[in-house]
Structures are given as structure tokens and as C-alpha cells.
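Listed below, chain by chain, are the residues.
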Amino acid sequence: MVYQKGPPEPEGDPVSPTPRTATLFHDVRPFGGPAGDLIAVDGVLVDELPEGVAVERVDGGGRLALPTLVDAHIHPDKTSWGEPWYRRRAAAGIADHVAGDVELARSLPTPVGERALRLMSHAAALGTRAMRAHADVAPAYGLAGIEGIAEAAAKLAGIVDVELVAFPQHGVVRAPGTAELLAEAAASGLVSHVGGIDPTGFDADGGREGDQLGLVFDLAEKHGLGLDIHLHDRGEPGLAVIRDIAARTRAAGLRGKVAVAHAFAVAGLAGRELDGTAELLAESGVALTTVALGETTVLPFRRLAERGVTVGLGSDGVRDSWSPYGDADMLHRAWLAGWALDARLDEELEACFGIAADGGAALMGLPAADLRPGSPADFMLVEGECVPQVVVDLPRRDLVVRAGRVVARDGRLVRSGPLEAR
């Protein structure tokens, strides 16, 4: 298509630019502190109103203002959220769960794009500002999961940021045809990351030879993508894979672009072993994500972060074939992290909120929404006294603000723009 330059602008006074608009959120308490105002201009918080701007006022009614949260690991393509109840069957391992995924996908009447949009909209209305979404890539689905989530993400542009991972849930080596689909996905322009799964565990059980990590690292280097690899293997088998990933990350110059999800082998460490692994991860720039499945699998994220490891928190599967649980509410996920770790002290509960607010943001390369001037105007207003109490009580999200405009009220998206002054 050829574009032609239009005629020159007529001489005379230039057209007046569109007036800037500021939104003043009055009577709010950042992190439970003293009441005051938050002022958003052009999607960023500022310390005072600039001159010559139109001001829209929103009354916070003394509510707490808290940063919106980041879901660092979610599978929207697998969800049956909002669908008829699905009767799950017993599964003895990943292979059985994978078969259940296919069975569920074939039984649901709603296309993946609609189901993903429903779930992602729900998450955004509860205060999720960004997510890293994994979509299964396998011969059973082709690229339908990627295309469906990409379609949903486009409809939520400006409300929730989405990174999309082409995830080989069925394995790369043990599922012929998956490698070619991953290559197609990597070249599609739809994904930001390529995934992997248990390269020496599950993906080696099929009796075929191959180098899953070599393939996905090559795709990442070729297409300028990141990597996010599921690792469920525990003990030394899992730690050996982490060492391999760290070495490949350094060799490929992919520091800051590689993450390991679940990392159950790290969850089982303590003392010097944990510190040594943390140093390896920090030095190579490999991040971790945890989903607070239980006390034996949740990562010791405070100690890891103290040693320079980026750790994000995620929802994982939400009402899928693996489990009937999950709700894509990242505040509830912070509650689950506290429950799994038996968090009782205020600083422990604050850390659970922090991994949901800041850990995932760092993982996705987003600026921290710390409610200070210069930070993104991304926050939510809730009834409550302080952050630890909010984590425990899980109050309703009265308002959710993205880039300075109200995008949700009382747990529902508001698509007509900012809330009227009241």
C-alpha cells in the first residue's frame, strides 16, 4: 500500500492542542497512611496539579489506595470459568492432566478467546494490571490458544497488559509436531516468550531423544523472545535443570529474559543450599514464579529477593481440568501465599502483598506502582485499615484505576471511561 503525503497545512494560527486532563482522587489513604489526594496526569502520578488543565474529581471516601497487582503466571486458555461445571477425574501425573486438558477443551461450548476474555476481564476488575499468560501449543490445539488469548488481550488494551507465552504443555520431545508449532508461534508476532516443561523429567519420559532446552533457547535467540519454563521436578533432578538453564542464559546473553515457573526443587531448599542457588539465579539473571499451591511448593520469596532473585506470584490454572479451584484474584493469591507460609506478623503479610504488587512487575519489566509522584497511576481503592488487614480480609475492590482512569467499580469493568465526579 502506498501512502501519499497530504496537502500542506494552511497558513495562520495553528490548531489548538487538546487540553490536558488531570484526575484528582480526593480523600484516599495510600497504604493506609494519612488521608490526602492522588493526582494523575497523562497516566502518571504527580505531586501537584499543573496549570491550565481540566480537572476531574473522584471522591475516595477515605478508602485505602493500594497498587494494582501483577499475575506473573496464569493459563487463561485452559479455564472453564463461567462455563457449566466440569466433573474432573483422578490424575496420577502430568500425562493424565494433559489428557484431561484435551478432554475439557473439547467439551466446552465456548471458544477459547471468549473464555479467556471472560477470565481476564474478571481479573482486571479485581485489580490485576498486568499478566503473563501461558497458552498451550500442541498438535491437539495448534495455535488456537495463542490466537484466543491474543484476541482477548487486544480487547483489554489499556486495562491490562498481557505477555503471552507459547507453552508446550504436552512436551516438545515426547509430542511430535510441537517443535514446529513452537517455531510458528515464535515467528507469529503474537508471543513475547517461549515456554518449556520438565526437560529431563516429563519430556524425557516418552522414550524419544531430543534437546528441549536447546530448541527453546534457539527460538528465543532467533526471534528476540524471552523464556518461561515450567519446572516441577524436585530434588537434584530439578536443581540440575536450574543450573543448566542458568548456564544457557549466561551463554545466550539472555539475562533478565528467562524465568522458571514453580521451581519446586528450590522450594525444598533451606540454609546454605538455598543461598547458593539464589546466588546462581541472581548472577545469571533468571527469575522465578510461584503460585502458592501449598506449604511444600511455595517459594521462600523473601529470602530469595533479599539475595537479588526476582520472584513473581501467579494464579496458575483457574478452574481447569487440573483443579476446580482458583479465581484469578491476585489479592486472594497473596492471602494464599500467606496461608501457605503461615504468615502471622504484619511484615510477613506485607511481603505477601509485595510479591503480588512488585515481584510480578519486576518480572515483566514494569515500573513499580508505589503511589509516589512519577509512578504509574495504577491503583485500587478498598475499605480497610492497613495492608496486612486487607490481605487477610480480602475487601471488595471499590475502584480500580489504570493510567489515571477508573476502569472498574465494585468488581466490574467500567468501559465508558473515568467515573464521574461525585
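Here the structure is a predicted model, which means the values were calculated and not measured.

Before going further, it helps to spend a moment on the overall build of the protein. A count of helical and extended segments in the protein gives 12 helices and 16 strands. Rg of the C-alpha trace for the protein: 23 Å, near the compact-globule value of 22 Å for 422 residues, within the 12% margin. If you line up the protein on its principal axes, its C-alpha atoms span 70 × 65 × 45 Å. The buried share of the protein, taken over its 422 residues, is 54%. Long-range contacts, defined here as pairs at least 24 residues apart, represent 75% of the contacts in the protein between residues at least 6 apart. Accessible area of the protein: about 18,600 Å², with a carbon and sulfur share of 51%.

Attention now moves to helix α10 (residues 330–340). Burial runs high along α10: eight of the 11 residues are buried. For α10, every residue scored as buried is listed here: M330, L331, R333, A334, L336, A337, G338 and A340. Residues of α10 that are buried sit in contact with β5 (69–74), β6 (128–136), α9 (301–306), β12 (311–313), α11 (346–363) and α12 (387–393). You can read the cap of α10 off the contacts: a side-chain oxygen lies 3.0 Å from the backbone nitrogen of L331, and it is on D329. Downstream of α10 by one or two residues, D342 has phi in the positive range, about 55 degrees.

Per the UniProt record, "domain: Amidohydrolase" (unreviewed entry) is annotated on residues 58–407. Annotated as residues 58–407, this span is 40% helix and 19% strand, and its ends, taken at the C-alpha atoms, are 13 Å apart.

The N-to-C vectors of helix α6 (residues 235–252) and helix α8 (residues 271–284) enclose an angle of 25 degrees; their axes lie 9 Å apart at closest approach. By the angle class used here, α6 and α8 are roughly parallel. Along this stretch, α6 crosses α8, giving a crossing that reads as left-handed. Of the residues in α8, those touching α6 at L239, I242, R243, A246, T249 and R250 are T277, L280, L281, E283 and S284. Its residues placed into classes, the contact of α6 with α8 shows five nonpolar, three polar and three charged.

Our next topic: a nonpolar patch on the surface. Judged by side-chain polarity, W335, W339 and V392 come together as a nonpolar surface patch covering roughly 330 Å² of accessible area. Within the secondary structure, W335 sits in helix α10.

This part is about the state of the cysteines. Under the definition given, this model contains zero disulfides. Take C352: it sits in no disulfide, and the sulfur closest to it among the cysteines is that of C386, at 14 Å. With a relative accessible area of 1%, C352 lands in the buried category. Judged by relative accessible area, which is 24%, C386 ranks as partly exposed.

So, on to the pattern of salt bridges. Pairing of side chains with opposite charge becomes possible as their charged atoms draw close. Taken as a whole, this structure holds 22 salt bridges when the rule is applied. E83 is the salt-bridge partner of R118, the closest N and O atoms lying 2.7 Å from each other. Of this pair, R118 sits in helix α2 (residues 112–125) while E83 sits in the loop between β5 and α1 (94–107), and the two are 35 residues apart along the sequence. Take R118: its relative accessible area is 30%, and that puts it in the partly exposed class. A relative accessible area of 13% means that E83 is categorised as buried. The salt bridge involving K155 is made with E151; its shortest N-O contact spans 3.5 Å. Note that K155 and E151 are positioned in helix α3 (residues 144–155) at a spacing of four residues, about one turn of the helix. The exposure class of K155 is partly exposed, given its relative accessible area of 49%. Within the structure, one salt-bridge network assembled from shared partners comprises R63, R396, D398 and D410.

Cut-off values and rules
Residues numbered from 1 in each chain as written. Predicted model: local features only at pLDDT ≥ 70, side-chain atom pairs only at ≥ 80, totals over all residues. Heavy atoms only, no water. Helix = DSSP H or I, 4+ residues; strand = E, 2+ residues; numbered from the N terminus. Rg over C-alpha atoms; globule rule 2.2 N^0.38 Å. Buried < 20%, exposed > 50% of the residue type's maximum accessible area, 1.4 Å probe, protein only. Contact = heavy atoms within 4.5 Å. Areas by Shrake-Rupley, 256 points an atom, 1.4 Å probe, with all protein chains shown as cover. Polar contact = N/O pair within 3.5 Å; in protein donor to acceptor, adjacent residues only side chain to side chain. UniProt positions renumbered as here; feature names shortened; annotations may be inferred. Axes fitted to C-alpha atoms, helices over the stretch in contact; angles between N-to-C directions. Parallel < 35°, antiparallel > 145°, perpendicular 65-115°, else oblique. Left-handed = near helix turned anticlockwise from the far one by under 90°. Nonpolar A, V, L, I, M, F, W, Y, C, P; charged D, E, K, R; others polar. Patch = residues over 30% accessible without salt bridge, like charges linked within 9 Å, V, L, I, M, F, W, Y side chains within 5 Å. Salt bridge = Lys/Arg side-chain N within 4 Å of Asp/Glu carboxyl O. Disulfide = S-S within 2.5 Å.

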